[in-house]
Structures are given as structure tokens and as C-alpha cells.
Amino acid sequence: MQPKLAERLTPLAAAATALAAFACCIPLGIAGALGVLALGGLFDALQPWFVSAATLLLAFSAFQAHRGRRTCRTGGRRFSLAVLALSATIVLLVLLFPQ
């Protein structure tokens, strides 16, 4: 009967050890969450400026991508266009669904 008791206690001991290791980080996690919450309140007032800057930078990068197509051939063109498209999609979603 002893092996069965050990088989039952081992997973519980492992879970207790994992929770104890996690418990030391909880105060830092709470402090970090409060810091992010405070920054969110600050950045909420600046959201129109950030969206305007993102739109201008996307337009500039699209211009550079178009100009770069005519002047030289680079190896990472597909990746750059994929990142540009992803960025434009994110900015468009922020514009369509503001919070």
C-alpha cells in the first residue's frame, strides 16, 4: 500500500512546489499590472496622436517600399511587405474599432 500512497503524494507535492515557486512572484506581478494600468490611463489621452503618427509612418514606409521596387532589388522584399501589410491591418483595426 505504500507505493500507492507515494504515487498519490508525488503529484501533490510537485503542484505545491510549483505554487510556492510562483508565490514569490505574485507581488511583482500585481505591481506590474498596476503600472500598466496607470500607463494605459496616460496613453488613452494620447491615442489620437499615436494613431496619426502610425498612419503617417505607414504612408512613408509604403512610399519607400514602392520607390525601393524601382531602384534596387533586395532579398527581404517579401518579408518587408508582409510586415507592412500586418502593420497597416493593425492600424486599420484600431481606427475602425476604437476603445
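Computed from a prediction, not measured in an experiment: that's the story for all the values here.

Attention now goes to the overall build of the protein. The helix and strand inventory of the protein stands at four helices and zero strands. Counted from the first residue to the last, the protein has its helices and strands arranged as α-α-α-α. Buried residues in the protein amount to 4% of all 99 residues. Accessible area of the protein: about 8,500 Å², with a carbon and sulfur share of 75%.

This part is about the packing of aromatic side chains. This structure, assessed with the given rule, holds one aromatic pair. Ring centres of Phe 43 and Phe 50 lie 5.6 Å apart, and the angle between their planes is 80 degrees; on these two criteria the pair is classed as edge-to-face.

A separate point is a nonpolar patch on the surface. A cluster of nonpolar residues, Leu 39, Leu 42, Phe 43, Leu 46, Trp 49 and Phe 50, forms a patch on the protein surface that exposes about 650 Å² of accessible area. Elements with a contribution of two residues or more to the nonpolar patch: helix H2 (26–45) and helix H3 (47–71). The element that contributes the greatest number of residues to the nonpolar patch is H2, accounting for three residues. If you trace the backbone, Trp 49 turns up in helix H3. A residue is classified by how much of its surface remains accessible, and Trp 49, at 67% relative accessible area, is exposed.

In this section: the confidence of the model for the protein. For the protein, mean pLDDT is 80; residues scoring 70 or higher make up 86% of the total. Mean pLDDT per element in the protein: helix H1 (residues 2–23) is the minimum at 73, and helix H4 (residues 77–96) is the maximum at 86.

About the criteria used
- Residues numbered from 1 in each chain as written.
- Predicted model: local features only at pLDDT ≥ 70, side-chain atom pairs only at ≥ 80, totals over all residues.
- Heavy atoms only, no water.
- Helix = DSSP H or I, 4+ residues; strand = E, 2+ residues; numbered from the N terminus.
- Buried < 20%, exposed > 50% of the residue type's maximum accessible area, 1.4 Å probe, protein only.
- Areas by Shrake-Rupley, 256 points an atom, 1.4 Å probe, with all protein chains shown as cover.
- Phe/Tyr/Trp six-rings, centres within 6.5 Å; stacked < 30°, edge-to-face > 60°.
- Patch = residues over 30% accessible without salt bridge, like charges linked within 9 Å, V, L, I, M, F, W, Y side chains within 5 Å.
- Salt bridge = Lys/Arg side-chain N within 4 Å of Asp/Glu carboxyl O.
- pLDDT = per-residue confidence, 0-100.

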